[in-house]
Amino acid sequence: MSSSERTELRDFCPTVYGPVRSRRHGLSLGINLGDAEKKACTWSCVYCQCGFGHRVGEISGLRIPARHEVLKGVREALKAHPDLDSVTMAGNTEPTSHPEFAEIVQDVLDLRRQTAGKWTFNVLSNGSELDPGNTALIAACDSLDEVWIKLDCAEEDLFRRLNRPIARIGGIHQHLVRIRLLQAPRIQTLLWGAEERPNLASWTEGNRKALLAAYKQVAPVQIFITTIQREPAMSGLLPVPATELEEFGEQVRAAGFNVKIFADDTRHF
Ligand code: SF4
């Protein structure tokens, strides 16, 4: 790993954080189901804003929050911020890797009902734990308002080199099969260029074509297309210019999808 590839902890990420103002999810309270002090994920995306961290398939050795701690933190945050638009499970890990993910989802849904909350309850996931045999996990995801699954690289080589999943995840075909286990998947696609290291760019004609084909296979109810907005794990990655991202968005729209583009035109390649 070169010196440009960061392995150190980027930020401390508490179990309940924010709320943060998100263009995609409004005023959103975050829940991190990982170790607050250690980024650990089943993928290790080159653009991850938490740094490369640890690429792991199990949570052993990590200090993940207990179910009751999550509920307590959310309950307290709701008292302080009654005007939330959403509560989103995201952070420095893959949220569905938490062994009590399904129970935590139910706890928070119960809390929303008890407090007559109007916020949506969502997850940002890479989908790595979706498995036909794990019906509780799939049911928990389907009980959420919005399940956003990552699909950045639809070409096999790019998926393995740039999303960098652990071995048991397999390739892009398995990823698409997992997404299709959900009743109403939403797709989040982040695209980037890399001027000086073109082999690290996901913004290629081949990947755009492959993404369109993949969207057709998965049939998501909504697609958000974004670009790099925070410092990536690997240096040299750059946002895609807004006009180009919009052009791709038009192609996706023309194919019949509900798509929104979130560009950053302050800097790009
Ligand atoms: S899936 Fe998310 S948390 Fe995991 S490495 Fe990729 S961007 Fe980071």
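Structure first, text after, so check above.
Cut-off values and rules
Residues numbered from 1 in each chain as written. Predicted model: local features only at pLDDT ≥ 70, side-chain atom pairs only at ≥ 80, totals over all residues. Helix = DSSP H or I, 4+ residues; strand = E, 2+ residues; numbered from the N terminus. Buried ≥ 20, exposed ≤ 12 C-beta atoms within 10 Å, placed from the backbone. Pairing = 2+ DSSP bridges. Right-handed = clockwise from strand over helix to strand, strands pointing away. Contact = placed C-beta atoms within 7 Å. Axes fitted to C-alpha atoms, helices over the stretch in contact; angles between N-to-C directions. Parallel < 35°, antiparallel > 145°, perpendicular 65-115°, else oblique. Left-handed = near helix turned anticlockwise from the far one by under 90°. Nonpolar A, V, L, I, M, F, W, Y, C, P; charged D, E, K, R; others polar. Arc of directions from axis to C-beta.

Quick notes on unusual backbone geometry
Piece 1. Put simply, glycine 18 and proline 19 share a cis peptide bond, and its omega is 10 degrees.
Piece 2. On the secondary structure map, proline 19 appears in strand β1 (residues 16–22).
Piece 3. Phi is positive for arginine 164, which is not a glycine, with a value near 50 degrees.
Piece 4. Within the fold, arginine 164 resides in the loop between α4 (156–163) and α5 (172–179).
Piece 5. The partly exposed category is assigned to arginine 164, around which 18 C-beta atoms lie within 10 Å.
Piece 6. The phi torsion at alanine 219 lies on the positive side, around 50 degrees, for a residue other than glycine.
Piece 7. Within the secondary structure, alanine 219 sits in the loop between α6 (205–218) and β9 (222–227).

Some points on the pairing of strand β6 (residues 120–125)
Piece 1. Where burial is concerned, most of β6 is hidden: five out of the six residues are buried.
Piece 2. Here strand β5 (residues 86–89) runs beside β6; their pairing, made up of four bridges, is parallel. Paired with valine 87 across the strands is phenylalanine 121, a residue of β6.
Piece 3. Running through helix α2 (residues 101–115), the crossover from β5 to the neighbouring parallel element β6 is right-handed.

Comments concerning the environment of tryptophan 119
Piece 1. Along the chain, the position of tryptophan 119 falls in the loop between α2 and β6.
Piece 2. If we skip the residues at most four places from it in the chain, tryptophan 119 touches Leu84, Asp85, Ser86 and Val87.

Describing the packing of helix α1 (residues 67–80) against α2
Piece 1. Axis separation between α1 and α2 bottoms out at 10 Å; the angle between their running directions is 30 degrees. Judged by the inter-axis angle, α1 sits roughly parallel to α2. The interaxial crossing formed by α1 with α2 has right-handed handedness. For the pair α1 and α2, contact is made by Arg67, Val70, Leu71, Val74, Arg75 and Leu78 and by Glu103, Ile104, Asp107, Val108, Leu111 and Thr115, respectively.
Piece 2. In terms of residue class, the contact of α1 with α2 is made up of seven nonpolar, one polar and four charged.

Let's talk about helix α3 (residues 135–142)
Piece 1. Here α3 has its buried residues at Ile138, Ala140 and Cys141. Taken down its axis, α3 places every buried residue within 160 degrees of arc, on the same side. Of the residues in α3, the exposed ones pointing more than 90 degrees away from the buried face are Thr135 and Ala136.
Piece 2. Where the residues of α3 are buried, they touch α2, β6 and β7 (146–150).

Keep in mind that these numbers describe shape and distance, not what the molecule does.
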